[in-house]
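The lines below spell out each chain.
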Amino acid sequence: ETGVTQSPTHLIKTRGQQVTLRCSSQSGHNTVSWYQQALGQGPQFIFQYYREEENGRGNFPPRFSGLQFPNYSSELNVNALELDDSALYLCASSLLAGGRETQYFGPGTRLLVL
Amino acid sequence: QKEVEQDPGPLSVPEGAIVSLNCTYSNSAFQYFMWYRQYSRKGPELLMYTYSSGNKEDGRFTAQVDKSSKYISLFIRDSQPSDSATYLCAMREYSGAGSYQLTFGKGTKLSVIP
């Protein structure tokens, strides 16, 4: 177990709706990253937060947004859901320290958009 | 051409066999290399983390990095049915102050037959 938890485990939404996914980081970690994993694909980087600031973003549109809270928990928000947003959403927490950083993943939230 | 190429398999081997999993990459800036194991409907679990070229061993697992050929490998000795999972290679650039995004391969699905 990595100590990273995510909620909910599964979610079904319809096209056009909005969704919020939550992540609780491993104790002591100051960085959280979010990834999207489509069926049969590797995870794709969405964005990363370090000390409550967005620290990098992948090739995802602005309707994907996030927050990191002082206790290092995090949210991923997706507006105007599209069918292609159906995927496993993973968060990973890590501790930035001197250039060496290892990301530990949670179990993921499986989102289905109908 | 994708930044990271990984044969998705599936790969099926008998119990006790030596398994070889490989990834190639095109981005010379990648400096950190990881292998994750992902069981069905679970998040990725870190197996191996390497920085420099050469071999790193941990129990039945050996990770090999050849930066000159832009090629990384994971070897599993004495494979067990419990090794049946999808194996993801991941890599990232060194980034002093920027984000630490991981770039993943598609994953290779491995089945170890008793």
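Everything that follows concerns the structure shown earlier in this document.
These numbers were taken from a predicted model, which means no experiment stands behind them.

Q: Explain the overall build of chain B to me, please; I cannot follow it from the model alone.
A: Broken down by element type, chain B carries zero helices and eleven strands. The helix and strand sequence of chain B, counted from the amino end, reads β-β-β-β-β-β-β-β-β-β-β. What you see for chain B is a C-alpha radius of gyration of 14 Å, in line with the 13 Å of a compact globule of 114 residues. Seen through its principal axes, chain B has C-alpha atoms that stretch 45 × 30 × 25 Å. Out of the 114 residues in chain B, the part that is buried amounts to 45%. For chain B, long-range pairs separated by at least 24 residues make up 55% of all intrachain contacts whose partners lie at least 6 apart in sequence. Of the roughly 5,400 Å² of accessible surface on chain B, 47% is carried by carbon and sulfur atoms. With 12 positive and 11 negative side-chain charges, chain B shows a separation of 5 Å between the mean positions of the two kinds.

Q: Looking at this structure, I do not really get the packing of aromatic side chains. What am I missing?
A: By convention here, two paired aromatic rings are described through the distance between centres and the angle between planes. According to the stated counting rule, one finds twelve aromatic pairs over all chains in the structure shown. With a centroid separation of 5.0 Å and 40° between ring planes, the pair formed by Tyr 32 of chain B and Tyr 51 of chain B is classed as tilted. With Tyr 32 of chain B in strand E4 (residues 30-38) and Tyr 51 of chain B in the loop between strand E5 (45-50) and strand E6 (54-58), this pair connects stretches of sequence that are 19 residues apart. Here Tyr 32 of chain B falls in the buried class, since its relative accessible area comes to 8%. On the basis of an interplanar angle of 50° and a centroid distance of 5.7 Å, the ring pair of Tyr 36 of chain B and Phe 104 of chain B is categorised as tilted. You can see Tyr 36 of chain B sitting in strand E4 and its partner Phe 104 of chain B sitting in strand E10 (residues 103-104), a full 68 residues away along the chain. By the burial criterion, Tyr 36 of chain B is buried, and Phe 104 of chain B matches it. An aromatic cluster of at least three residues, connected via ring pairs, comprises Tyr 35, Phe 45 and Phe 105 of chain A together with Tyr 36 and Phe 104 of chain B. Lys 67 of chain B extends its terminal NZ or CZ atom over the ring of Tyr 51 of chain B, reaching a point 4.9 Å from the ring centre. Stacked on the ring of Tyr 32 of chain B, the Lys or Arg Arg 92 of chain B has its end atom at 4.2 Å from the ring centre.

Q: Explain the side chain of Ser 25 of chain A here, please?
A: Note on placement: Ser 25 of chain A falls in the loop between strand E3 (19-24) and strand E4 (31-37). In this structure Ser 25 of chain A touches Gly 3, Val 32, Tyr 72 and Ser 93 of chain A, once residues within four positions along its chain are discounted.

Q: Just to check I follow, could you spell out the sheet that holds E3 of chain A for this structure?
A: For sheets, the rule is that strands pair by backbone hydrogen bonds, running either parallel or antiparallel. Residues and elements named next belong to chain A. Ordered in space as E1-E3-E8-E7, the four strands form an open sheet in which the pairing is antiparallel. Only two strands of the sheet have a single neighbouring strand rather than two, namely strand E1 (5-7) and strand E7 (64-68). Pairs of neighbouring strands in the sheet enclose a mean axial angle of 20°, with direction left out of account.

Q: Just checking my understanding: could you explain the nonpolar core for this structure?
A: Side chains of nonpolar character tend, in soluble globular proteins, to be buried together. Ranked by internal contacts, the top residues of the largest apolar core, which has 24 residues, are Trp 35, Ile 72, Leu 74, Ile 76, Tyr 87 and Met 91 of chain B. Of all the elements in the fold, those that place two or more residues in this core are strand E3 (19-25), E4, E5, strand E7 (61-66), strand E8 (71-76), strand E9 (85-93) and strand E11 (108-113) of chain B.

Q: What exactly am I supposed to notice about the interface of chain B and chain A here?
A: Many analyses report the size of an interface as the accessible area lost when the parts associate. Contact residues are listed per partner, giving 22 residues for chain B and 25 residues for chain A. On the chain B side of the contact with chain A, Tyr 49, Tyr 100 and Phe 104 of chain B bury the most area, a combined 27% of that side's loss. Summed over the shared surface of chain B and chain A, the number is zero salt bridges. Joining chain B to chain A, the criterion identifies three residue pairs in polar contact (both at pLDDT 80 or more). The set of elements that each furnish at least two residues to the side of chain B that touches chain A consists of E4, E5 and E9 of chain B. For the side of chain B that touches chain A, the element with the most residues is E4 of chain B, which contributes three residues. Considering only residue class, the side of chain B that touches chain A consists of eleven nonpolar, six polar and five charged.

Q: What is the right way to read the pairing of strand E8 (residues 74-78) of chain A from this model?
A: When a strand is regular, its side chains alternate between the sheet's two faces. All names here are of chain A. Taking burial as the measure, the five residues of E8 include five buried ones, the bulk of the element. Neither face of E8 is exposed, since Ser 74, Leu 76 and Val 78 on one face and Glu 75 and Asn 77 on the opposite face are all buried. As judged from the five bridges shared by E3 and E8, these two strands associate in the antiparallel manner. Looking at the pairing, Val 19 lines up with Val 78 of E8. As defined by bridge partners, E7 adjoins E8 across five bridges and the pair is classed as antiparallel. Along E8, the bridge assignment pairs Gln 68 with Ser 74. Between the end of E7 and the start of E8, which pair antiparallel, lie five residues, with Tyr 72 showing a positive phi angle near 70°.

Conventions adopted
Residues numbered from 1 in each chain as written. Chains lettered and ligands numbered in written order. Predicted model: local features only at pLDDT ≥ 70, side-chain atom pairs only at ≥ 80, totals over all residues. Heavy atoms only, no water. Helix = DSSP H or I, 4+ residues; strand = E, 2+ residues; numbered from the N terminus. Rg over C-alpha atoms; globule rule 2.2 N^0.38 Å. Buried < 20%, exposed > 50% of the residue type's maximum accessible area, 1.4 Å probe, protein only. Contact = heavy atoms within 4.5 Å. Areas by Shrake-Rupley, 256 points an atom, 1.4 Å probe, with all protein chains shown as cover. Lys, Arg positive; Asp, Glu negative; His and termini not counted. Charge placed at Lys NZ, Arg CZ, Asp CG, Glu CD. Phe/Tyr/Trp six-rings, centres within 6.5 Å; stacked < 30°, edge-to-face > 60°. Lys NZ or Arg CZ within 6 Å of the ring centre and 35° of its normal. Pairing = 2+ DSSP bridges. Axes fitted to C-alpha atoms, helices over the stretch in contact; angles between N-to-C directions. Core = buried A, V, L, I, M, F, W, Y, C linked by side-chain atoms within 4.5 Å. Buried area = accessible area lost by both parts, 1.4 Å probe. Salt bridge = Lys/Arg side-chain N within 4 Å of Asp/Glu carboxyl O. Polar contact = N/O pair within 3.5 Å; in protein donor to acceptor, adjacent residues only side chain to side chain. Nonpolar A, V, L, I, M, F, W, Y, C, P; charged D, E, K, R; others polar.

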